[in-house]
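Read off the chains here:
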Amino acid sequence: MAGPDRTISVLKLFTLESPAWTVERAAAALGVSASSAYRYVAVLTEAGLLTSAGGGAYVLGPAFIQYDRQIQLTDPLLQVARPVMEEILRFAPLGSTVLLCRLFGETVLCIHQVAGRMAGDPVSYERGRPMPLFKGATSKAILAWLPSRDLRRIFEAHRAEIAASGLGRDWPSFRASLVRIRRAGHEVSRGELDSGRIGVAVPILDDSRRALGSLSYVIAARESASVPRLVPLLTAAARGIEGGLAGAVEHKLQEAPEHTFLS
């Protein structure tokens, strides 16, 4: 693995379960020399991505807070989707939540949610929490619109998980499950992640018809009769976000300052 890749791999060591690492532990986990690990940590510390926690340990640094604020203020998808999510929440049953999620590696991340009054316990798709790609309508609405070559690779790497999720025990049945979701244009799941709740999700697609993310309602199971009414609302909202996103991206590109490169 090349140097820059190793540097990034240091960041991947930091999880909720293991939030602090010494250079020596990181070197052992990555299978590199201590001197190489020190070099990687120094680069990340200088960039503010790591910071000293005392006792020779490091934790994630303040740069992530800065970048998160920047994302919240400038991400076109967030800017376009937020008011749409607020609007469609008004038509959901009391206690519902609207989620905006996107793909992150082989997981799905919630990047924004709007909870109605009396929403109860938080939904599993908390902002920033990696969620499985094969469970829940929110994830499946993204999975079904991934390119075929990516789906084949994912299937080969996660056969057991896919079978356990009911999406298929072999490639043809897995592909058939995703074709069904694509033809329907939405997915509905019942209690797959949160007991007593129903997920209703549609994809948000780019110009190439690939999933940028998904838009979902999470409602109480007792409100199942409202699902047929919510699907067209979600679909119209997603198409509106797609249209607004195209305009927002073009506007940001026009606003971007021109850089002069001097020889």
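Notes on the overall build of the protein chain
Looking only at helices and strands, one finds 10 helices and 9 strands in the protein chain. Dimensions of the protein chain, computed from the C-alpha atoms along their principal axes, are close to 60 × 50 × 40 Å. Put simply, the protein chain has 263 residues, and 44% of those count as buried. For the protein chain, the computed accessible surface area is about 14,400 Å², with 56% contributed by carbon and sulfur atoms. One way to put it: in the protein chain the 30 positive side-chain charges average out to a point 5 Å from where the 25 negative ones average out.

Looking at the packing of aromatic side chains
Per the counting criterion, the structure on display carries 3 aromatic pairs. Both rings, one in phenylalanine 155 and one in phenylalanine 174, keep their centres 5.5 Å apart while their planes meet at 25°; by these two values the pair is stacked. Separated by 19 residues along the polypeptide, phenylalanine 155 in helix α7 (residues 148-157) and phenylalanine 174 in helix α9 (residues 171-184) bring together distant segments of the chain. Since its relative accessible area comes to 1%, phenylalanine 155 is described here as buried. Seen in terms of ring centroids, tryptophan 171 and phenylalanine 174 are 6.0 Å apart; in terms of plane orientation they differ by 55°. Their pairing is tilted. A residue pair is termed a helical-turn pair when its members lie 3 or 4 positions apart in one helix, as tryptophan 171 and phenylalanine 174 do in helix α9 at 3 residues. Joined through ring pairs, the aromatic side chains of Phe155, Trp171 and Phe174 make up one cluster. Here the basic side chain of arginine 25 rests over the ring of tryptophan 21, its NZ or CZ set 3.9 Å away from the ring centre.

Description of the sheet that holds strand β4 (residues 97-104)
Strands sit in the order β6-β5-β4-β9-β8-β7 across an open sheet of 6 strands; the sheet is antiparallel. Each end of this open sheet is capped by a strand with a single partner; those strands are β6 (131-132) and β7 (187-190). Here β7 pairs with strand β8 (residues 197-205) via 4 bridges, running antiparallel. Bridge pairing in β8 links arginine 190 to isoleucine 198. Contacts from helix α5 (residues 76-89) reach β4, β5 (107-115), β8 and β9 (211-220), with the element oriented near 50° to β5.

Describing the sheet that holds strand β3 (residues 57-60)
Read across the open sheet, the 3 strands follow the order β1-β3-β2; overall the sheet is antiparallel. Edge positions in the sheet fall to β1 (21-22) and β2 (50-54), since each has one partner strand and no second. Bridge analysis of β2 against β3 gives 4 bridges, and the strand direction is antiparallel. From the neighbouring strand, threonine 51 faces β3, where its bridge partner is valine 59.

Looking at the layout of surface pockets
Each pocket or cavity is described by its volume, and for the largest pocket that value is around 1,100 Å³. Taken together, the elements giving at least two residues each to the lining of the largest pocket come down to α4 (63-74), β4 and β5.

Things to note about empty space enclosed by the protein
Tallying each qualifying case throughout the model produces 1 cavity of 30 Å³ or more. Here the largest cavity defines a volume of roughly 140 Å³. Surrounding the largest cavity, 17 residues form its lining, Tyr125, Ser189, Leu193, Asp194 and Gly199 being those nearest its centre. Where the lining of the largest cavity is concerned, the elements lending two or more residues are α6 (137-143), β7 and β8. Looking at the lining of the largest cavity element by element, the count peaks at 3 residues for β8. Its residues assigned to classes, the lining of the largest cavity shows 7 nonpolar, 6 polar and 4 charged.

What counts as what
- Residues numbered from 1 in each chain as written.
- Predicted model: local features only at pLDDT ≥ 70, side-chain atom pairs only at ≥ 80, totals over all residues.
- Heavy atoms only, no water.
- Helix = DSSP H or I, 4+ residues; strand = E, 2+ residues; numbered from the N terminus.
- Buried < 20%, exposed > 50% of the residue type's maximum accessible area, 1.4 Å probe, protein only.
- Areas by Shrake-Rupley, 256 points an atom, 1.4 Å probe, with all protein chains shown as cover.
- Lys, Arg positive; Asp, Glu negative; His and termini not counted.
- Charge placed at Lys NZ, Arg CZ, Asp CG, Glu CD.
- Phe/Tyr/Trp six-rings, centres within 6.5 Å; stacked < 30°, edge-to-face > 60°.
- Lys NZ or Arg CZ within 6 Å of the ring centre and 35° of its normal.
- Pairing = 2+ DSSP bridges.
- Contact = heavy atoms within 4.5 Å.
- Axes fitted to C-alpha atoms, helices over the stretch in contact; angles between N-to-C directions.
- 1 Å grid on protein atoms, 1.4 Å probe; cavity = no way out; pocket = protein on both sides within 12 Å on 5 of 7 lines; lining within 4 Å.
- Points joined across faces, edges and corners; volume = space filled by probe spheres on them.
- Nonpolar A, V, L, I, M, F, W, Y, C, P; charged D, E, K, R; others polar.

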